Amino acid sequence: MLRAMTWNIRTGGRDSGGADRRDLLVRVVADQRPDVLALQELRHFDSGDVLADFAGRVGMRPHLARSCFGQPVAVLLRPPLRALTATRVRRPFHHAAQRVTVATTAGPLTVLSVHLDPYSGLRRRIEAGWAAAALRRAPGELALLAGDLNTLDPVADHTDRIARLPAAYRRRHLRRDGRTVETRAVARLLAAGLVDLYATAGAPDGGLTAPTRHGGGAEFSGMRLDYLLGTAALAGRVRDCRVLRGGETEYASDHYPVVADLDLDPA
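Residues numbered from 1 in each chain as written. Predicted model: local features only at pLDDT ≥ 70, side-chain atom pairs only at ≥ 80, totals over all residues. Heavy atoms only, no water.

Asks: Explain the layout of surface pockets here, please?
Replies: Vacant regions in the atomic arrangement are exposed by a probe of water-molecule size rolled over the atoms. Roughly 450 Å³ of internal volume is contained in the largest pocket. Along the walls of the largest pocket sit 26 residues, with Glu41, Pro118, Tyr119, Arg172 and Glu219 positioned nearest its centre. Here the residues of the lining of the largest pocket sort into 7 nonpolar, 11 polar and 8 charged. The calculated volume of the second largest pocket comes to roughly 270 Å³. Lining the second largest pocket are 20 residues, with Asp153, Val155, Asp196, Gly206 and Arg224 positioned closest to its centre. Listed by contribution, the elements that provide at least two residues to the lining of the second largest pocket are α6 (184-191) and α7 (197-200). Partitioned by chemical class, the residues of the lining of the second largest pocket number 12 nonpolar, 3 polar and 5 charged. (1 Å grid on protein atoms, 1.4 Å probe; cavity = no way out; pocket = protein on both sides within 12 Å on 5 of 7 lines; lining within 4 Å. Points joined across faces, edges and corners; volume = space filled by probe spheres on them. Nonpolar A, V, L, I, M, F, W, Y, C, P; charged D, E, K, R; others polar. Helix = DSSP H or I, 4+ residues; strand = E, 2+ residues; numbered from the N terminus.)

Right, dumping it as structure tokens:
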């Protein structure tokens, strides 16, 4: 069984002038022991030994994509998983996208860690197209998109949660008419053939991932922004998918982690 996890750790686990949350992050990851870990908002992880130290503490090997505009993202692998290829997706994402292909007994699995633009729905839709194209070029039939898409899903009714947002943040989730909820980035990924693994697992709640109880997040109102999306072949191997809440996840970030257990083994 292979465990995949995605998590926006908020500004590299350190708040400006505030607490260092990296010990909390390490403990949550160590408790879950993911085989594949997609991380977003890795501020300062691209300088010095920050990434190497974090990866060493959780027993994983990192593959980082630096960002020209925002914050880096990464995919970390737990041995014996090994990267066949690892590369940054060379498109002008607001943040970044890192693609890693690993060897499994069912064939190559390509994992994309991505963090879409937080401000513009149109930009998110464009970035979603780049992400889908990056996975279309993946070898084999197994692919996983993991990350903070900053986008509400196109299925649920979001009227109340949009109304609860302050006006400055409400605009991020509405189209130009000021009324229509902006869900096009996720809709584009689903239209490209990706499957919502959380929905596939039949989880009982709405999968809300932000904000946590004590991690901040004034720009959220109980929202699902973090996703694990897979190809149909991968969705058929999902055994569980859940949002991790409670305990130290309430303090470690303003986003909850999302975890899926997959019927795969390292090759």
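So that's the structure; there's more coming.
Asks: Looking at this model, I keep getting lost on α6. Mind explaining?
Replies: Of all the positions in α6, only Ala185, Val186 and Leu189 are classed as buried. Burial along α6 is one-sided: seen end-on, the buried residues are contained in an arc of 95°. Among the structural elements, α3 (121-136), β8 (142-148) and β10 (226-230) are those in contact with the buried residues of α6. Gly193 occupies a position one or two residues after α6 and carries a positive phi of about 105°. (Buried < 20%, exposed > 50% of the residue type's maximum accessible area, 1.4 Å probe, protein only. Arc of directions from axis to C-beta. Contact = heavy atoms within 4.5 Å.)

Asks: I would appreciate a short explanation of the sheet that holds strand β2 (residues 36-40) in the present structure.
Replies: Two strands in a sheet stick together by hydrogen bonds in their backbones, pointing the same way (parallel) or opposite ways (antiparallel). The sheet built from 6 strands is open, its strands ordered β3-β4-β2-β1-β12-β11 with mixed pairing. Across the chains shown, the open sheet's two edge strands, defined by having one partner strand only, are β3 (61-65) and β11 (238-243). The average angle at which neighbouring strand axes cross in this sheet is 15°, direction not considered. Sheet analysis places β2 next to strand β4 (residues 73-77), joined by 5 bridges and oriented antiparallel. Paired with Val36 across the bridge in β4 is Leu77. Helix α1 (residues 22-32) contacts β1 (2-8), β2, β11 and β12 (258-262) of the sheet and is inclined by roughly 160° relative to β1. (Pairing = 2+ DSSP bridges. Axes fitted to C-alpha atoms, helices over the stretch in contact; angles between N-to-C directions.)

Keep in mind that these numbers describe shape and distance, not what the molecule does.
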